[in-house]
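What follows is the residue order along each chain.
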Amino acid sequence: MPLFKKRKIALALGGGGARGIANIGILKVLEHERIPIDLIVGSSIGGLIGASYGLGVPTYRMEEAALKFSMDKLADFAISKMSIVKGKKLEKLVEEFTDEKDFKDANIPIAITTTDIETGEELVHTKGPLQKLIKASCSWPGIFPPVVIDGRKLGDGGIRNSIPVKMAKHLGTTHVIAVDIGFCVKKGKIDNLFQMFMQSIQILGEELDSYQSMQADVVIKPKLHNIDQFAFRHGKRAVQDGEKAARKAILQIKRKLKLNFNLWKR
C-alpha cells in the first residue's frame, strides 16, 4: 500500500560497501541546499546511512563513524555452512549508527529493502525490527549469514534492488532522486579465483544499476575511481566524491522539482 496519497519526493540510496560511504556526502549537500525529502529508501549500506539520516543522526556523526570503518571492525571471521563471518560486529555497528531507534522515531519516513534468499522475493520494509532489517539488507549471502525474521531468511537488499527506485515508486512517491553508487569494474589481468568472482559481480552489478537508474527522475552518480566495496581506507574520498556529484546535480534537481511540483512554496 502506498505511503503517500499526494505527490512526494523520495531519495533512493544504493549500496556498494565502502563505495556507499559516498551517500553521506550526497546527504550533506542535499541538506545544505534544503532539498525536500519525504521518504528515504535504502539498500544495503544505503539503507544503513539513509535510515540513520531519517532518524535524525547528523551527517557529521555519520561521517566520523564511517571513516573509522574497516574490514576488521565489520568482519568477525568464522566459517559456517551459511557464511564466512558471524555478523555480530555488523549488528553492533548498525545499532550504534542508528542510536537503536525504530521506524516510528524517524523524522523522515524510511524504508529498507531486503531479499528473501530462499524464494528470491524482493521486499521493502516500513515497519518491523529496524536494526535486524538493516543488518539483513547489508548481509551479502555467503559472506554474512542471512537474518531470520518471521521465518524468512533475509539477505542483501541490493541483490534485487541495487538502486531501489522501483520500491520508492511502489510506496507512492512520484518523484525519485536516485543515488547510483555503481560498481568497480577494473581493467587488468585476472589471475585468481577471488579476482574472477569479484570482477563478475562488478560487471553484473553495473548492468543492473544502469537499468534501475533509468527509472529515476534525477540520478546522482559519484565517480569513485578505483574504490571497490572493500576499500574503506578511501572513505574520505568517497564522501568528497559524493559531495561533488550532488553539487553537480543540484541545478537539475531544482529544475525538476520546480517544473513538476509546487514545492518551493512550502
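Parameters and conventions
As a convention, each chain's residues are numbered from 1 in the sequence order in which they are written. Residues qualify for local features only when their pLDDT is at least 70, as the model is predicted, and side-chain atom pairs are given and counted only at 80 or more; totals for whole chains, interfaces and linings, by contrast, use all residues. Side-chain calculation: all heavy atoms of the structure are included, whereas hydrogens and water are not. Each helix is a run of DSSP H or I of at least 4 residues and each strand a run of E of at least 2, with the numbering of both proceeding from the N terminus. Between the two quantities, the radius of gyration covers C-alpha atoms and the globule rule is 2.2 Å times the number of residues to the power 0.38. When a residue's accessible area, from a 1.4 Å probe over protein chains only, is under 20% of the maximum for its type it is buried; when over 50% it is exposed; and in between it is partly exposed. Whether two residues are in contact is decided by their heavy atoms: any pair within 4.5 Å suffices. Per-residue and other accessible areas were derived by the Shrake-Rupley procedure at a 1.4 Å probe size, with only the shown protein chains allowed to occlude residues. Neither His nor the chain termini are counted; the positive set is Lys and Arg, and the negative set is Asp and Glu. Charged groups are reduced to one reference atom each: NZ for lysine, CZ for arginine, CG for aspartic acid, CD for glutamic acid. Working convention: axes come from line fits to C-alpha atoms, limited for helices to the stretch in contact. Angles between N-to-C directions cover 0 to 180 degrees. What sets the label is the angle itself: under 35 degrees gives roughly parallel, over 145 gives roughly antiparallel, 65 to 115 gives roughly perpendicular, and the rest give oblique. Handedness of a crossing follows from how the near helix is turned relative to the far one, being left-handed for an anticlockwise turn of less than a right angle and right-handed for a clockwise one. Residues are grouped as follows: nonpolar covers Ala, Val, Leu, Ile, Met, Phe, Trp, Tyr, Cys and Pro; charged covers Asp, Glu, Lys and Arg; every other residue, Gly included, is treated as polar. Pairs were defined over the aromatic rings of Phe, Tyr and Trp, the Trp ring being its six-membered one, requiring ring centres within 6.5 Å. Orientation was assigned from the angle between planes: stacked under 30 degrees, edge-to-face over 60, tilted for the rest.

Asker: Please set out the overall build of the protein residue by residue, giving values where relevant.
Answerer: Scanning the protein for helices and strands turns up 9 helices and 8 strands. Its C-alpha atoms give the protein a radius of gyration of 17 Å, within 12% of the compact-globule value 18 Å for 266 residues. When its C-alpha atoms are laid out on the principal axes, the protein stretches across 55 × 45 × 35 Å. Looking at the protein residue by residue over its 266 residues, the buried ones come to 52%. When contacts within the protein are restricted to residue pairs at least 6 apart in sequence, long-range pairs at least 24 apart make up 75% of them. Summed over all atoms, the accessible surface of the protein reaches about 13500 Å², with 55% contributed by carbon and sulfur. For the protein, the centre of its 42 positive side-chain charges and the centre of its 29 negative side-chain charges are spaced 5 Å apart.

Asker: Could you give an account of the packing of helix α5 (residues 88–97) against helix α6 (residues 130–137), with specific residues and numbers?
Answerer: The contact between α5 and α6 brings their axes to 9 Å, and the two run at 125°. Considering the angle they form, α5 stands oblique to α6. Helix-helix and strand crossings are classified by hand; for α5 and α6 the assignment is right-handed. Contacts between α5 and α6 involve Leu90, Glu91, Val94 and Glu95 on the former and, on the latter, Gln131, Ile134 and Lys135. Taken together, the residues that form the contact of α5 with α6 break down as 3 nonpolar, 1 polar and 3 charged.

Asker: Break down the packing of aromatic side chains for me, citing the residues and quoting the values.
Answerer: Inspection of every chain in the model, using the stated rule, returns 2 aromatic pairs. On the basis of an interplanar angle of 40° and a centroid distance of 5.8 Å, the ring pair of Phe69 and Phe97 is categorised as tilted. Taken together, the positions of Phe69 in the loop between α3 (59–66) and α4 (71–74) and Phe97 in helix α5 put the pair 28 residues apart, joining distant regions of the chain. Phe97 carries the same exposure label as Phe69, and that label is buried.

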